[in-house]
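# Remarks on the overall topology
The primary structure of each chain is shown beneath.
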Amino acid sequence: MGRIPFSRSFQYFLVVIFLFSIILYTQQLYTDTEGNSILSFTSPSNHCNVNNQQTPEPVVGAVELIPTTTTITVTATSTPTLAPISSEAAVKNPEPPYCNYCTSTDELCKRYGSFNLARSRAYEGPNARLKRVLRKLRSGQKIKIGIIGGSVSKGHGLTDRRNNWSHIYAEYIRETFASSTSSDAANVEVELINGSVGATVSEYMETCFREHIPEDVDLVIIELAINDQRLEGLAKGYENLIRAIFALPLRPAIINVQIMALMFPTITMGGDLHTAIAEYYDTPIISIRNVLLPHILRSTQLNPSDTSVEDYWFEHDGNGIDLRHLSLHGHRMLGDLLKSFTSRVACEGWHEEQQQQASSHNKDTNVVGGSDWAPYDSDRLEEFTPSLPNPNDGEDVSEYIPRQSLFQKYDHTTILRPATPFCRTTNTLAGTAYYSPYAHLLEPLPAPLSTEGPDAFAMWSHPENPGKVWLTARKPGVKAAFNVQTSALGRVRVTYLRSESFGLGSMWCWLDDNRQKGRRLDGYWHLKDINVANTHAIVEDATPGEHILHCEIMKETKDPGGGTEFRIVAVDAL
């Protein structure tokens, strides 16, 4: 059989048909879910690197750069429409400026290094409460920050309050979230209430904190790590303080700040007991000791006479380096550590919101402690449960407050209920009662229940430290009586100053007519260089209601010099 002859024009026709078939086949590879053909045009350099190098991945925390791409959608009617894009393929929103942890624009990371910043975060946790507060900030709403601390946070030794770590942190909040978020961010207002009181401990603050910060705070920062000794009683007070703060109307977030003091008998202080409690209640801890102490120990190991690190970070007084109070450099570092931590949390929260928005079409609620639990494959076999137990029935437990104290024996029934605190104190916001309707000054009842005249208990502060005020009397036999209101717990306490060197005496206190069942309070103790307030219970089984607390300075004293002066800080009840 001979070859079928083809004309040249017919051969050209076959070539055209072949090329057209290829085009139709290619079109099938580039169609969307509605059958529209999508032809994407972009620069060849976006798909092929002429230097045969891989395109580097974007740095975490940096703003993502999206290459310029022209997309044309063609339909059967030649009317341009937008092709549907899945949530995974959607163009990401650029990260806010605070998402720059340890990138080329992170000045704090350049200053301290990622190693030291990591050490400062003694406990992070998921920070559900803090993220909620930061969302409020980013929406342009006002927030209030309350500080509960001792003399360091109050600003001991600082001549300008703007150098206080709390002021540095509040300014960062204003500047960061007023310049990098929504159109409402210009309205961001941050009110800082520094309720710190020198020489006070957790036992005092657990009942009297509302004398120092308002009820409607959004964020509370606690700094009592070196005021509290390493005692279980103070640790219980610290736990009660956290529980009481969480019970406030706005369910505020809490950040624990732990500073450092190197002039006490041990390096370890109450803050080391606070750590376990903070973890139990899922409240983050920022520790300046974790950052500074290794450098101080190392420098003095190399040269025992080297004090340069202490000179820089601690305050100086007439006796030399004050290893209890931070210098302005220490305040600045603490503020910086808080700023770095908060930016990380804000960025993490922002990413979580983006993920939730992207997955909203799947109705994925991502309940913490609920639907995100998944069993091992082996648990699905041989009659094992097909899924992990979820007794919370899908409830969000991200801000759950444990029903039991960390100091209680575990059971299935105990549920702690918030009590109504009663406090009268010499250190109060009564002068600025706008902050709290619960601010009340400690005042003795009139005669004959209390002594009157020049020897009577009266407000007094040392001329060299006018910021610390006590209700003070000095002669044996001087009396003071106070109204108290107990609630469910039935506990009545007195907070008073203790010192080894102030010449303090002893006082006998009792409730109502039960003088024989009273308690002795000794202002003197043997602990050198520790002059702080202590809180002791007078009764712990009083009936709910109004009572009268009586106190009288005793002739007997434990002070070696025979001192009988007594300084009362507060009276409280639950």
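Residues numbered from 1 in each chain as written. Predicted model: local features only at pLDDT ≥ 70, side-chain atom pairs only at ≥ 80, totals over all residues. Heavy atoms only, no water.

As annotated in an unreviewed UniProt entry, the chain carries the name Capsule structure designer protein and comes from Lentinula boryana.

Next up on the list: the sheet that holds strand 17 (residues 519-522). Hydrogen bonds between backbone groups are what pair the strands of a sheet, and the pairing can be parallel or antiparallel. Strand order in the open sheet formed by four strands is 14-19-16-17, and the pairing between neighbours is antiparallel. Whereas interior strands pair on both sides, the edge strands pair on one side only; in this sheet they are strand 14 (479-486) and strand 17. Pairs of neighbouring strands in the sheet enclose a mean axial angle of 25°, with direction left out of account. Direction of pairing for strand 14 relative to strand 19 (residues 545-553): antiparallel, over a ladder of eight bridges. For T486, the partnering residue across the bridge sits in strand 19 and is G545. (Pairing = 2+ DSSP bridges. Helix = DSSP H or I, 4+ residues; strand = E, 2+ residues; numbered from the N terminus. Axes fitted to C-alpha atoms, helices over the stretch in contact; angles between N-to-C directions.)

Turning our eyes to something else, we now look at the sheet that holds strand 7 (residues 253-258). Read across the sheet, six strands follow the order 3-8-7-6-4-5 without closing on themselves; strand pairing throughout is mixed. Since the sheet does not close on itself, it has two edges, and those belong to strand 3 (121-123) and strand 5 (190-194), each with one partner. Neighbour-to-neighbour, the strand axes of the sheet open up by a mean angle of 25°, direction not taken into account. Pairing of strand 4 (residues 143-149) with strand 6 (residues 219-223), which is carried by five bridges, proceeds in the parallel orientation. When the bridges of strand 6 are listed, G146 appears paired with V220.

Now for unusual backbone geometry. For the bond from A447 to P448, the omega torsion is 10°, close enough to zero to count as cis. Tracing the backbone shows P448 in the loop between strand 11 (422-425) and strand 12 (458-462). Despite not being glycine, D282 has its phi angle at roughly 55°, a positive value. With respect to the secondary-structure elements, D282 resides in the loop between helix 8 (271-280) and strand 8 (285-287).

Every buried residue of helix 8 is accounted for by G271, H274, T275, I277 and A278. Residues of helix 8 that are buried make contact with strand 3, helix 6 (202-208), helix 7 (232-246), strand 7 and strand 8. Trailing helix 8 by a residue or two, D282 shows a phi angle of about 55°, which is positive. (Buried < 20%, exposed > 50% of the residue type's maximum accessible area, 1.4 Å probe, protein only. Contact = heavy atoms within 4.5 Å.)

On to the pattern of salt bridges, then. Tallying each qualifying case throughout the model produces 29 salt bridges. Among the ionic pairs, E552 bridges to R515, the shortest N-O distance being 3.2 Å. Taken as a pair, E552 in strand 19 and R515 in the loop between strand 16 (506-511) and strand 17 lie far apart in primary sequence, 37 residues in all. Here R567 and E565 are joined by a salt bridge, their closest N and O atoms 2.6 Å apart. There is no split in this pair, since R567 and E565 are both buried. Connected via shared salt-bridge partners are E206, R491, R493 and D572. (Salt bridge = Lys/Arg side-chain N within 4 Å of Asp/Glu carboxyl O.)

Turning next to the packing of aromatic side chains. Using the criterion set out here, one finds seven aromatic pairs in the structure. Residues Y172 and F177 carry aromatic rings whose centres are separated by 6.4 Å and whose planes lie at 75° to one another, so their mutual orientation is edge-to-face. Neither Y172 nor F177 differs from the other in exposure class; each is buried. Through a chain of ring-to-ring contacts, the aromatic side chains of Y98, Y169, Y172 and F177 assemble into a single cluster. Cation over ring: R474 sits above W460, and NZ or CZ is 5.1 Å from the ring centre. (Phe/Tyr/Trp six-rings, centres within 6.5 Å; stacked < 30°, edge-to-face > 60°. Lys NZ or Arg CZ within 6 Å of the ring centre and 35° of its normal.)

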